[in-house]
Amino acid sequence: MQVPKKHFPIVGLLGLVIVAAAGGGVYYYQFILSHTTVAFAPSHRLVFMTAIVQEEGGFHITNTAFLNKTNGQYILPAFNATAGATMTSVKYQNYKGESDNRTIDAHVGDTITFYILGVNATGSDSNLHLSKGHGFDILGSGSFTVNTSANSPGILGGTSSSNPPIPFGKWYSVTITFNAAGSYTYQCSVVCSPLHGNMNGQIVVT
């Protein structure tokens, strides 16, 4: 005997589950899928990367981590251009970033502290050695705020090839808070090779 189709409507967003009945019929169940808006509490991210001319790889993210609060506050690690960030006694949690090692995902209100090591090209072509280092800038239609505290001394931009913000062999740090959603581009601001304009990555803020 054919079991009739039975419908059980419930007000709400419709979902559908099909259950085979023992008698060979099919029951269709309607159910509620509640619409929930996911809210993210602002976090502080640490992004470590190297910068080399685009012909040899460009920007490359080597590690990403969440900075944990200490006594209710985010306390950045000590920093200097020779040694970089001193992570001893700093509370943080590593997380896996995007597989292209160039794209950064974040949420509105997040703060990102960048730690960038300037690397000289290894090739002998003189076009790969047009400057003594790299620059760093962020472009985008959204709003962001630059922090220039002692542990985050970087200033975005810098175009001098003879006195660049990120000299080869040195570390650079800058902290940015993203106030609006959107797609942002980080890029080298110093002409360091013919393809320097392609030396960039994306920050996707949702």
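Residues numbered from 1 in each chain as written. Predicted model: local features only at pLDDT ≥ 70, side-chain atom pairs only at ≥ 80, totals over all residues. Heavy atoms only, no water.

Draft legend 1. Structural detail: unusual backbone geometry. In this structure, N71 takes a positive phi of about 55° despite not being glycine. On the secondary structure map, N71 appears in the loop between strand 6 (69-70) and strand 7 (73-74). The exposure class of N71 is exposed, given its relative accessible area of 77%. Notably, N101 is not glycine yet its phi reads approximately 55°, a positive angle. The exposure class of N101 is partly exposed, given its relative accessible area of 29%. (Helix = DSSP H or I, 4+ residues; strand = E, 2+ residues; numbered from the N terminus. Buried < 20%, exposed > 50% of the residue type's maximum accessible area, 1.4 Å probe, protein only.)

Draft legend 2. Just the packing of aromatic side chains, in detail. Evaluation of the coordinates by the stated rule reveals 12 aromatic pairs. What links up through ring pairs into an aromatic cluster is the set F59, F114, F136, Y172 and Y186. (Phe/Tyr/Trp six-rings, centres within 6.5 Å; stacked < 30°, edge-to-face > 60°.)

Draft legend 3. Molecular detail of the environment of R45. Relative to the assigned elements, R45 resides in strand 4 (residues 44-51). Separated by 67 residues in the primary sequence, R45 and I112 place their C-alpha atoms 4.7 Å from one another. Sequence-distant contacts of R45, defined by excluding residues within four places in its chain, comprise A65, F66, Y95, D105, A106, H107, D110, T111, I112 and T113. Side-chain polar atoms of R45 contact the side chain of Y95, separated by 3.2 Å. (Contact = heavy atoms within 4.5 Å. Polar contact = N/O pair within 3.5 Å; in protein donor to acceptor, adjacent residues only side chain to side chain.)

Draft legend 4. The state of the cysteines, seen in detail. Scanning the model with the defined rule gives 0 disulfides in all. Take C188: it sits in no disulfide, and the sulfur closest to it among the cysteines is that of C192, at 3.9 Å. Residue classification places C192 among the buried residues on the basis of a relative accessible area of 1%. (Disulfide = S-S within 2.5 Å.)

Draft legend 5. Quick peek at the environment of S126. Along the chain, S126 turns up in the loop between strand 12 (111-118) and strand 13 (133-134). Take S126: its relative accessible area is 54%, and that puts it in the exposed class. For the pair S126 and S193, spaced 67 residues apart in sequence, the C-alpha to C-alpha distance is 8.9 Å.

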